[in-house]
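# A look at the structure
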Amino acid sequence: MSMPISKKDLTSCLLCHNPMCTNGCSNGVDPGRIIRSLRFANYKGAIEHLTDACLNCDAECENFCVIPGEVKIKAILSKCYEEKEIHNPTFRRLSLKTSICGIPVENPFLLSSSVVASNYDMLKRAFLAGWAGASFKTISMFDMHEASPRYSAIKGLDGTIQSFKNIEQLSDHSVIDNIEMISKIKEEFPTKFLLISIMGRDEKEWKYLAMRVEKAGASAIELNFSCPNMTEDDTGSDVGQIPSLVEKYTKAVTSVVNIPVIAKLTPNVMSMSEAALAAKRGGAKGIAAINTIKSITEFSIIENIYNTGNNQIAVGGLSGPAVKPIALRFISELSQNEELADMHISGMGGIYTYEDAIMFLSLGAKSLQVTTAVMEYGYRIIEDLIDGLELFLGENNISINQLKGFNKNKVVDVKEMKRDIIIYPKINRSTCVSCGRCYISCSDGGHQAIEFINRKPNLNPKKCVGCHLCVIVCPTGSIQSSQIEVEKTK
Ligand SMILES: Cc1cc2nc3c(=O)[nH]c(=O)nc-3n(C[C@H](O)[C@H](O)[C@H](O)COP(=O)(O)O)c2cc1C
């Protein structure tokens, strides 16, 4: 289900903590929650939260907004009502219960190993919010000296993060403190999946850490072969690029513990299969991917030209929405490799919405992990991840286990792609606002197939190659794919 509400209207909402619009509503409606569901693509969930109280209300909530009048709440909720009337949706949900390496979990969503899963209090709040478990921030025996600032981002014009860069290393708590926190959280939340991430410098350290975390109550161990930011040589992604080291350290760990071991691999390679197979030979039961992708941190061009201020530029790790297609390519590679068929795949990289989750699951991931979206929006995103996925499964009558790998074989080699057909774009002239953006892009970046006459686009099928650039650039969604395959004329 989609929702005809403009992105601009939705992104005008700041997704406040403890939203003033909700606090100010005397009808007991929660507009803050409804708009959040819409922002996270959980349109059905948003509709379900509507109450008739809004129908004849004069929208006092809009004035309670932290920027009074900024968000057109009444208009947004009215559109939701209209959609409810038109589609009369059912709200059937299917369970998300599944398992990780044979261990039952309430849903497939875990926090990924990072700052979001660093201590007892954070995990407690995340678990109460609904996360099925967490991969604890990587524990090591090294001294951590972190840089400041350590994060930067490329943001869209609406202020949302498109890609996130960090130069953070591992947990800055001592092994003893971490072990204490793990034991405590295990005791309080015995059914949550506690994946404990570790990193050693040699076999002795890997073994020591693995035994300590198993004893503390870890459900499974994640081996960090993939941090790209390590100041210690021959650790992190340096190891993940060398299959023989992956095998050696995995074997060291599996030789001393009985719980499942998952190798977290680096995307800074051409292919992940070699390292994954090495982890399997070492006794790993699963692969987690992806860790962050090596990239240059953001820098100020002015400061660096005039050489003032703190202007060091470094290579850090990239995460967030921009890495999702890269993560999916690795998930697809792993899930299509028959030699890895019995391995659990825990997918991550840019998961924000339940739709992202479906992409990862349908390409072969069996559990999902999240960091950047939580850093941007908080643990509360789990509500729409769970709700959206449960409603999707219910609507399509497909179980979570059937969804896993559903699209796995649809990923074809480019050599096998259909090349004798064209799928033309379809222009909706009634919603077109005559901006001419499609004309500009097709003229300068396409095949000159769009004419712009009397401020309306006209498609010339003789010139159109069906590339869909116009569909992508149209700011109002007035150009869509026709979805009809037409045979190419010779
Ligand atoms: C600030 C930050 C710290 C991270 N720390 C770790 C870490 O200690 N261990 C680890 O295995 N991965 C670490 N990661 C990588 C994430 O767990 C995850 O693999 C990556 O960010 C991709 O997922 P995302 O796009 O949902 O963030 C870190 C990522 C970020 C952004």
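Every value quoted in this text rests on a predicted model; they were computed, and no experiment measured them.

Before going further, it helps to spend a moment on the overall build of the protein chain. Regarding its fold elements, the protein chain presents 20 helices and 18 strands. Here the C-alpha radius of gyration of the protein chain, 25 Å, is about what a compact globule of 490 residues would show, namely 23 Å. For the protein chain, the proportion of its 490 residues judged to be buried stands at 42%. Long-range pairs, those at least 24 residues apart, make up 71% of the contacts in the protein chain with a sequence separation of at least 6.

Each α-helix turn comprises 3.6 residues. Residues three or four places apart therefore point the same way. Where helix 19 (residues 437-445) is concerned, the buried positions are Cys438, Tyr439 and Cys442. Within helix 19, the buried residues cover an arc of 100° as seen down the axis, which keeps them to one side. Residues of helix 19 that are exposed and point over 90 degrees away from its buried face: Asp444 and Gly445. Residues of helix 19 that are buried sit in contact with strand 16 (450-453), strand 17 (456-459), helix 20 (469-473) and strand 18 (479-487).

So, about the sheet that holds strand 11 (residues 293-296). Picture the strands of a sheet paired through backbone hydrogen bonds; they go either parallel or antiparallel. One open sheet holds the four strands; their spatial order is 5-6-12-11, and the pairing between them is antiparallel. Here the strands that pair on one side only, and so sit at the sheet edges, are strand 5 (151-155) and strand 11. Strand after strand, the sheet turns through a mean of 40° between neighbouring axes, direction not considered. Of the pairings in the sheet, the one linking strand 6 (residues 161-166) to strand 12 (residues 315-319) comprises three bridges and is antiparallel in character.

All right, on to the pairing of strand 7 (residues 193-198) then. Strand 7 sits mainly inside the fold: six of its six residues count as buried. Burial of the side chains of strand 7 extends over both faces: Phe193, Leu195 and Ser197 are buried on one face and Leu194, Ile196 and Ile198 on the other. As judged from the five bridges shared by strand 4 (residues 133-139) and strand 7, these two strands associate in the parallel manner. Residue Phe136 lies in a different strand from strand 7, and its bridge partner there is Ile196. In this fold, strand 7 hands off to helix 9 (residues 203-216), which returns the chain to strand 8 (residues 220-224); that crossover is right-handed.

Now for the domain arrangement of the protein chain. As far as domains go, the protein chain holds domain 1 (7-87), domain 2 (98-410) and domain 3 (418-487). Spacing between the C-alpha centres of domain 1 and domain 3 amounts to 34 Å.

In the neighbourhood of the ligand, 27 residues make up the surrounding shell, with Ser112, Ser114, Ser319, Thr371 and Thr372 lying closest. Mapped onto the shell around the ligand, the elements with two or more residues apiece are strand 4, strand 6 and helix 16 (372-377). Class assignment of the residues belonging to the shell around the ligand gives a composition of nine nonpolar, 15 polar and three charged.

Moving on, we get to the sheet that holds strand 10 (residues 286-289). Spatially, 3-4-7-8-9-10-13-14 is the arrangement adopted by the eight strands of the closed barrel, whose pairing is parallel. Strand-to-strand twist in this sheet, taken as the mean axis angle between neighbours without regard to direction, amounts to 25°. When strand 8 meets strand 9 (residues 261-264), the two strands line up parallel, connected through four bridges. Residue pairing for strand 9: Asn224 is matched across the bridge by Lys264.

The rules we used
Residues numbered from 1 in each chain as written. Predicted model: local features only at pLDDT ≥ 70, side-chain atom pairs only at ≥ 80, totals over all residues. Helix = DSSP H or I, 4+ residues; strand = E, 2+ residues; numbered from the N terminus. Rg over C-alpha atoms; globule rule 2.2 N^0.38 Å. Buried ≥ 20, exposed ≤ 12 C-beta atoms within 10 Å, placed from the backbone. Contact = placed C-beta atoms within 7 Å. Arc of directions from axis to C-beta. Pairing = 2+ DSSP bridges. Axes fitted to C-alpha atoms, helices over the stretch in contact; angles between N-to-C directions. Right-handed = clockwise from strand over helix to strand, strands pointing away. Domains from an automatic or database assignment. Near = placed C-beta within 6 Å. Nonpolar A, V, L, I, M, F, W, Y, C, P; charged D, E, K, R; others polar.

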